[in-house]
Amino acid sequence: MSITVTTWSLEQTSPADLAPAQQPPAAAGVRIVRAEIPGPEFNRFLYTAVGADVAWTDRLGWTVEQWREFLERPGMETWVAYERGTPAGYIELDGQDEGVVEIAYFGLLPAFRGRRIGGHLLTWGTARAWDLAERWAGRPPTKRVWVHTCSKDGPYALDNYRRRGFRVFDTKHDTETETETE
């Protein structure tokens, strides 16, 4: 069986583009913390826990060393949302050349979706993309933050990016063949 997958690439070109989401109520106990020590096992946990039900597969074959190499690059940051001490989701920032930052991965574990954490985490992470150079000596100021999402991601992903001020700059349609499982 074939399906058409639509991929949208979105961007912000100024910190003023960011339209913040409302924060969860203080009673929810949501906090966002940078994982300052690169942890291949922790990032793999976040990747598989968030992406399992939306078919994230491109990093499943990575070795611990591949994860470590990726995470130890200058300008690479992982920010984790916790609800009352429990990991709820994450946003991964990939500082690229010439002041560009990609939101490489972003999402919530299924149990934490629909609780007003996603918009807050995306707001926080996007703001951290804009001030990335303040934490990395020698890095040029951020000029552009971009991300891509596709029709296989969660049903609210594209709208969340748009509500945070991201604009679509490219759309692609690809046909994928799905295999049936018994």
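- Per an unreviewed UniProt entry, the protein chain carries the name Acetyltransferase and comes from Streptomyces bingchenggensis.

**Notes on the overall build of the protein chain**
So, point 1. For the protein chain, the helix and strand inventory stands at four helices and seven strands.
So, point 2. Going from the N terminus to the C terminus, the protein chain shows its helices and strands as β-β-α-α-β-β-β-α-β-α-β.
So, point 3. Against the globule reference of 16 Å for 182 residues, the protein chain gives a C-alpha radius of gyration of 16 Å, in line with a compact fold.
So, point 4. Along the longest, intermediate and shortest principal axes, the C-alpha atoms of the protein chain span 50 × 35 × 35 Å.

**Re the nonpolar core**
So, point 1. Counting residues in hydrophobic clusters, the biggest one holds 43 residues, and the most contacted among them are Tyr90, Ile91, Ile103 and Tyr161.
So, point 2. Per-element accounting of this core gives the leading share, six residues, to strand 5 (residues 100–108).

**Quick word on the side chain of Ser9**
So, point 1. In this structure, Ser9 sits in strand 1 (residues 2–12).
So, point 2. If sequence neighbours within four positions are ignored, Ser9 has contacts with Val147, His148, Arg167, Val168, Phe169 and Asp170.

**A short note on the environment of Arg84**
So, point 1. Its place among the elements puts Arg84 in the loop between strand 3 (76–83) and strand 4 (86–95).
So, point 2. With 54 residues separating them along the chain, Arg84 and Val30 place their C-alpha atoms 6.3 Å apart.
So, point 3. Apart from residues lying up to four places away in sequence, Arg84 is in contact with Ala28, Gly29 and Arg115.

**Examining the side chain of Arg164**
So, point 1. Relative to the helices and strands, Arg164 resides in the loop between helix 4 (157–163) and strand 7 (167–177).
So, point 2. For the buried Arg164, no salt bridge is present, and the opposite-charge side chain at shortest range is Asp159, 10 Å distant.
So, point 3. At 2.9 Å, the side chain of Arg164 and the backbone oxygen of Ala19 are in polar contact.
So, point 4. With residues near it in sequence (within four places) discarded, Arg164 still touches Gln12, Asp17, Leu18, Ala19, Pro20, Ala21, Gly119, Leu122 and Thr123.

Cut-offs used in this document
- Residues numbered from 1 in each chain as written.
- Predicted model: local features only at pLDDT ≥ 70, side-chain atom pairs only at ≥ 80, totals over all residues.
- Heavy atoms only, no water.
- Helix = DSSP H or I, 4+ residues; strand = E, 2+ residues; numbered from the N terminus.
- Rg over C-alpha atoms; globule rule 2.2 N^0.38 Å.
- Core = buried A, V, L, I, M, F, W, Y, C linked by side-chain atoms within 4.5 Å.
- Buried < 20%, exposed > 50% of the residue type's maximum accessible area, 1.4 Å probe, protein only.
- Contact = heavy atoms within 4.5 Å.
- Lys, Arg positive; Asp, Glu negative; His and termini not counted.
- Salt bridge = Lys/Arg side-chain N within 4 Å of Asp/Glu carboxyl O.
- Polar contact = N/O pair within 3.5 Å; in protein donor to acceptor, adjacent residues only side chain to side chain.

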